[in-house]
Amino acid sequence: MRRTYAARAAAALGAAGILTLAVALPANAADEISIDHVETVDGEVSLVLAVDGVPAGATADPASVEVDVDGRTVDSTAKVISAGDVERTTVLVLDASNSMLQGDKFTSATAAVDAFLSSAPADVRIGLVPFAGDIGDVIEPTTDHDAVRAALADITLRKGTAVYDAMAEGLEQVGTEGSRSLLVLSDGGDTSSSTTLDVVAKDATDDGVVVDVVSLANPGNAETMSALAEGTGGQVIPAEQSALQDVFSAQADALAQQLVVTFERPQDAAEEVNLTVSVNAGGTTYSDAAFIPIGTVAAGPDIVTSGKSLVGTPGMLLGAVALALGFAGVLATALSGPNKSSAQRRLDAYLGEGKPGKRKSDTTADLKGSAVALADKVVTADLETRVSQRLAGAGSALTASEWLLLHAGMAVGSALVCFVLGGAGLAVLGFVLGVVVPWIYLKFRHSRRLSRFNGQLAETLGLMAGGLQAGLSLPQAVDSVVREGIEPMASELRRALIEQRLGVDITDALEGVGQRMDSEDFDWIVMAIRIQREVGGNLAEILHTVADTLREREYLRRQVKALSAEGRLSGYILTGLPPLIGLYMLYANPEYISVLYTTLPGFVLLGMAAFMLALGAFAMAKLSKVEV
């Protein structure tokens, strides 16, 4: 890939006999055409073909262009380049040192640049970098050629010649898109650059910028610049002062004659190929070849290969049936109406309900009743007591057996879903979550209900004390609170009244409320009532005193909660962040995180992480919790 403007310049200057070349020009057969620039967009390759080296009088025929890629001819189209086909940029690097004053060389140089601006195609972006010992006022590449012409009149000659710095600035200005070239005019060697010729040559080669150098009657400078020009596909043209205008006009004509050739990139071609372009001019075929990159094949749709199923078809069918039955059981439990506690069921049996002659509701509850009966046989008395207390505190109407049955269904269901999605490792994780999450939810509901319950104690005691002062008995005062109160206080005291009407002592019934709600404050209230009933005294006054104490205690508790909010929030964030990131990675990049639940080291790491996370959460909870 070597651009040969010297052939046209020599033809133009040969008749005048005023151009002398310090190096021999190549014959037409070697460099008549050259590939200047190649770019690939969406699989379409476009190249700029310089044809200015064909003999005078011959014109390249765009219809005769042929393109070979790695020895195979491809379909192509060619035309004389015009605006919008390929972006073309040329930066003029002009010597403005004091040596240009000798023999009025600078006047000849500006006239040559003016001729270049007049002859260059209108779509070519042209910039100007004047230089002496430093860089002058730079004109960025523009299609407004008159602006560049006007800037020539403002150039001031100075001492020094920093030609390498000027070329480096030209490389900055020429940009990175399209066909780019530098046209350098200098009459002497470099004297004051901070960079070197080797650095400039490497940058120009790496950036794909063609550098042509016109050296004013200085064979030494021409020889120095020849390696730079030839390495970038350009050339050095030593010229006399009087020949400058013809040389620059030839350069502009070369831009006007360029062809743009396009063809579709072969699908099986490598990223770098041997590219050969030939064209017919005046009955003779000329060609140029180069080993250049033409880009990669556009990415096609991802091909999804079928993987091995985790279970066979029979296993999938059995799993689907089991899942359907599980959901049917959950729906039957949820839609069967209000659930009865064991005490209520015993009362129904005592009162004769449930005898032969089933009602419709009894029929719909058969499935649930059978499942609950089976769970009753498994649940121990101690476990039933603890679960029932937690359910009652959370305000749930489920019995212990029903809750455990529903809990087991959630654990098995989540494990099954995770097994279908990710195999045995994820199934274990799903089972653990199915076991833990419902308990956490139940505890959360109980905590919220307890918080509301404790917040209503002071107001409740005030209502009870007012009723006692009005002459009501303790059960009647409690009943007034039930009728005037709000949840959850009203429902818990209503249950205590029902137990009292069934023969349970009122203080024992109230003590049961404290146990169900796990409220230490309510336990103190019951203790105060027991003491008053044993030793006597004004119960209304005692309740007023306790109400004031609880009110101050609740105020202090809320103040402490506000002051410790930052620590608790930090604990929540630090504890929840690792699991959330793990779930995100499981969704975004499952292959990356699958090693944690498909290999033994992964299970070990998960266990260690869970233990350390739980330990950290426990420590932060203890640090941020203040007992009031």
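Residues numbered from 1 in each chain as written. Predicted model: local features only at pLDDT ≥ 70, side-chain atom pairs only at ≥ 80, totals over all residues. Heavy atoms only, no water.

### Quick notes on the overall build of the protein chain
Part 1 of the reasoning: A count of helices and strands for the protein chain gives 25 helices and 14 strands.
Part 2 of the reasoning: Counting across all 628 residues of the protein chain, residues that qualify as buried make up 39%. (Helix = DSSP H or I, 4+ residues; strand = E, 2+ residues; numbered from the N terminus. Buried < 20%, exposed > 50% of the residue type's maximum accessible area, 1.4 Å probe, protein only.)

### Quick notes on the pairing of strand 3 (residues 60-69)
Part 1 of the reasoning: Bridging between strand 3 and strand 13 (residues 272-281) involves 6 bridges; their strand directions are antiparallel. If you follow Asp 61 over to strand 13, its bridge partner there is Asn 280.
Part 2 of the reasoning: Two strands pair when backbone bridges link them, and strand 3 and strand 4 (residues 72-74) are joined in this way by 3 bridges, in the antiparallel orientation. Opposite Asp 68, over in strand 4, you have Thr 73 as the bridge partner.
Part 3 of the reasoning: Turn length for the strand 3-strand 4 hairpin, with the two strands adjacent in sequence and antiparallel, is 2 residues, and the turn residue Asp 70 shows positive phi of about 50 degrees. (Pairing = 2+ DSSP bridges.)

### Quick look at the sheet that holds strand 7 (residues 125-131)
Strand pairing in a sheet relies on backbone hydrogen bonds, with the paired strands running either antiparallel or parallel.
Part 1 of the reasoning: The strand order 8-7-6-9-10-11 describes an open sheet built from 6 strands, whose pairing is mixed. Strands at the two margins of the open sheet, each flanked by one partner only, are strand 8 (139-142) and strand 11 (236-239). Here the average twist between neighbouring strands, direction ignored, is 15 degrees.
Part 2 of the reasoning: As judged from the 7 bridges shared by strand 6 (residues 88-95) and strand 9 (residues 179-186), these two strands associate in the parallel manner. The residue of strand 9 that forms the bridge with Val 91 is Leu 182.
Part 3 of the reasoning: Lying on the sheet, helix 5 (residues 163-173) is in contact with strand 6, strand 7, strand 8, strand 9 and strand 10 (210-216); it crosses strand 9 at an angle near 160 degrees. (Axes fitted to C-alpha atoms, helices over the stretch in contact; angles between N-to-C directions. Contact = heavy atoms within 4.5 Å.)

### So, the pattern of salt bridges
Part 1 of the reasoning: Throughout the structure, instances matching the rule amount to 21 salt bridges.
Part 2 of the reasoning: The partner of Arg 88 in a salt bridge is Asp 123, and the shortest N-O contact between them spans 3.1 Å. One end of the pair, Arg 88, is in strand 6; the other, Asp 123, is in the loop between helix 3 (105-119) and strand 7, with 35 residues separating them in the sequence.
Part 3 of the reasoning: Its relative accessible area of 2% is what places Arg 88 among the buried residues.
Part 4 of the reasoning: For Asp 123, a relative accessible area of 17% puts it in the buried group.
Part 5 of the reasoning: Salt bridges sharing common partners tie together Arg 449, Glu 492, Arg 495, Glu 499 and Arg 516. (Salt bridge = Lys/Arg side-chain N within 4 Å of Asp/Glu carboxyl O.)

### Observations regarding the sheet that holds strand 12 (residues 259-264)
Part 1 of the reasoning: An order of 1-2-12-5 is seen for the 4 strands of this open sheet, with the pairing classed as antiparallel. For this open sheet the edge positions go to strand 1 (34-41) and strand 5 (76-80), each flanked by a neighbour on one side alone. Here the average twist between neighbouring strands, direction ignored, is 20 degrees.
Part 2 of the reasoning: The pairing of strand 2 (residues 44-50) with strand 12 spans 6 bridges and is classified as antiparallel.

### Section: unusual backbone geometry
Part 1 of the reasoning: At Asp 70, a residue that is not glycine, the phi angle is positive and equals roughly 50 degrees.
Part 2 of the reasoning: Positionally, Asp 70 belongs in the loop between strand 3 and strand 4.
Part 3 of the reasoning: The backbone phi angle of Asp 518 is positive, close to 55 degrees, even though this residue is not glycine.
Part 4 of the reasoning: Structurally, the position occupied by Asp 518 is in the loop between helix 19 (506-517) and helix 20 (520-535).

### Looking at the environment of Asp 68
Part 1 of the reasoning: In this structure, Asp 68 sits in strand 3.
Part 2 of the reasoning: In this structure the C-alpha to C-alpha distance between Asp 68 and Ser 278, which are 210 residues apart in sequence, comes to 8.7 Å.
Part 3 of the reasoning: Leave out the neighbours within four places in its chain, and Asp 68 touches Thr 73, Asn 274, Leu 275 and Thr 276.
Part 4 of the reasoning: Here the side chain of Asp 68 touches Thr 73 through a polar contact of 2.7 Å, side chain to side chain. (Polar contact = N/O pair within 3.5 Å; in protein donor to acceptor, adjacent residues only side chain to side chain.)

### Here's the deal with the confidence of the model for the protein chain
Part 1 of the reasoning: Residue-level pLDDT values for the protein chain average 77, and 79% of them are 70 or greater.
Part 2 of the reasoning: When pLDDT is averaged over each element of the protein chain, strand 7 comes out on top at 90 and helix 1 (residues 6-14) at the bottom at 38.
Part 3 of the reasoning: Predicted confidence for residues 1-30 stays below pLDDT 50, and this span has 71 contacts to residues more than four positions away or in other chains.
Part 4 of the reasoning: In this model residues 352-367 is a low-confidence stretch, pLDDT under 50, and it forms 4 contacts with partners more than four residues away in sequence or in other chains. (pLDDT = per-residue confidence, 0-100.)

### Focus: the nonpolar core
Part 1 of the reasoning: Leu 461, Met 464, Leu 493, Leu 510, Phe 522, Ile 525 and Leu 543 are the most contacted members of the largest nonpolar core, which totals 32 residues.
Part 2 of the reasoning: Looking at this core, the elements with two or more residues in it are helix 15 (424-455), helix 16 (457-469), helix 17 (474-484), helix 18 (489-501), helix 19, helix 20 and helix 21 (539-563).
Part 3 of the reasoning: Looking at this core, the element that brings in the most residues is helix 21, giving 6 residues.
Part 4 of the reasoning: Apart from the residues within four sequence positions on either side, Ile 525 is in contact with Leu 457, Leu 461, Val 546 and Leu 550.
Part 5 of the reasoning: By size, the runner-up hydrophobic cluster in this structure holds 29 residues, among which are Phe 106, Ala 112, Val 113 and Ala 239. (Core = buried A, V, L, I, M, F, W, Y, C linked by side-chain atoms within 4.5 Å.)

### Brief notes about helix 19
Part 1 of the reasoning: Compared with an ideal rise of 1.5 Å per residue, which puts 12 residues at 16 Å, helix 19 spans 17 Å between its outermost C-alpha atoms and is within 8% of the ideal.
Part 2 of the reasoning: With 9 of its 12 residues buried, helix 19 lies for the most part within the structure.
Part 3 of the reasoning: Among all positions in helix 19, only Ile 506, Thr 507, Ala 509, Leu 510, Gly 512, Val 513, Gly 514, Arg 516 and Met 517 are buried.
Part 4 of the reasoning: Once helix 19 ends, the next one or two residues include Asp 518, with phi positive near 55 degrees. (Expected span 1.5 Å × (residues − 1).)

### Some thoughts on the side chain of Thr 161
Part 1 of the reasoning: Along the chain, Thr 161 turns up in the loop between helix 4 (145-152) and helix 5.
Part 2 of the reasoning: When near neighbours in sequence (up to four residues on either side) are disregarded, Thr 161 contacts Asp 95, Ser 97, Phe 131, Ala 132, Gly 133, Ser 186, Gly 188, Gly 189, Asp 190, Thr 191 and Ser 192.

### Here we look at a nonpolar patch on the surface
Part 1 of the reasoning: A cluster of nonpolar side chains, Val 412, Val 428, Phe 431, Val 432, Val 435, Val 436, Trp 439 and Ile 440, forms an exposed patch at the surface whose accessible area comes to about 650 Å².
Part 2 of the reasoning: When residues of the nonpolar patch are assigned to their parent elements, the largest contribution, 7 residues, is made by helix 15.
Part 3 of the reasoning: Following the sequence through the fold, Ile 440 ends up in helix 15. (Patch = residues over 30% accessible without salt bridge, like charges linked within 9 Å, V, L, I, M, F, W, Y side chains within 5 Å. Areas by Shrake-Rupley, 256 points an atom, 1.4 Å probe, with all protein chains shown as cover.)

### Here's the deal with the pairing of strand 2
Part 1 of the reasoning: Here strand 2 lies mainly inside the structure; 6 of its 7 residues are buried.
Part 2 of the reasoning: Across 7 bridges, the pairing between strand 1 and strand 2 is antiparallel. Of the residues in strand 2, the one forming a bridge with Val 38 is Leu 47.
Part 3 of the reasoning: The antiparallel pairing of strand 1 with strand 2 creates a hairpin that spans 2 residues between the two strands, and Asp 42 there sits at a positive phi of about 55 degrees.

### Here's the deal with helix 4
Each turn of an α-helix holds 3.6 residues, which means side chains three or four residues apart point in the same direction.
Part 1 of the reasoning: Within the sequence span of helix 4, burial applies to His 145, Val 148, Ala 151 and Leu 152. The buried residues of helix 4 occupy an angular sector of 120 degrees when the element is viewed end-on, so they sit on one face.
Part 2 of the reasoning: Close packing links the buried residues of helix 4 with strand 6, helix 3, strand 7 and strand 8. (Arc of directions from axis to C-beta.)

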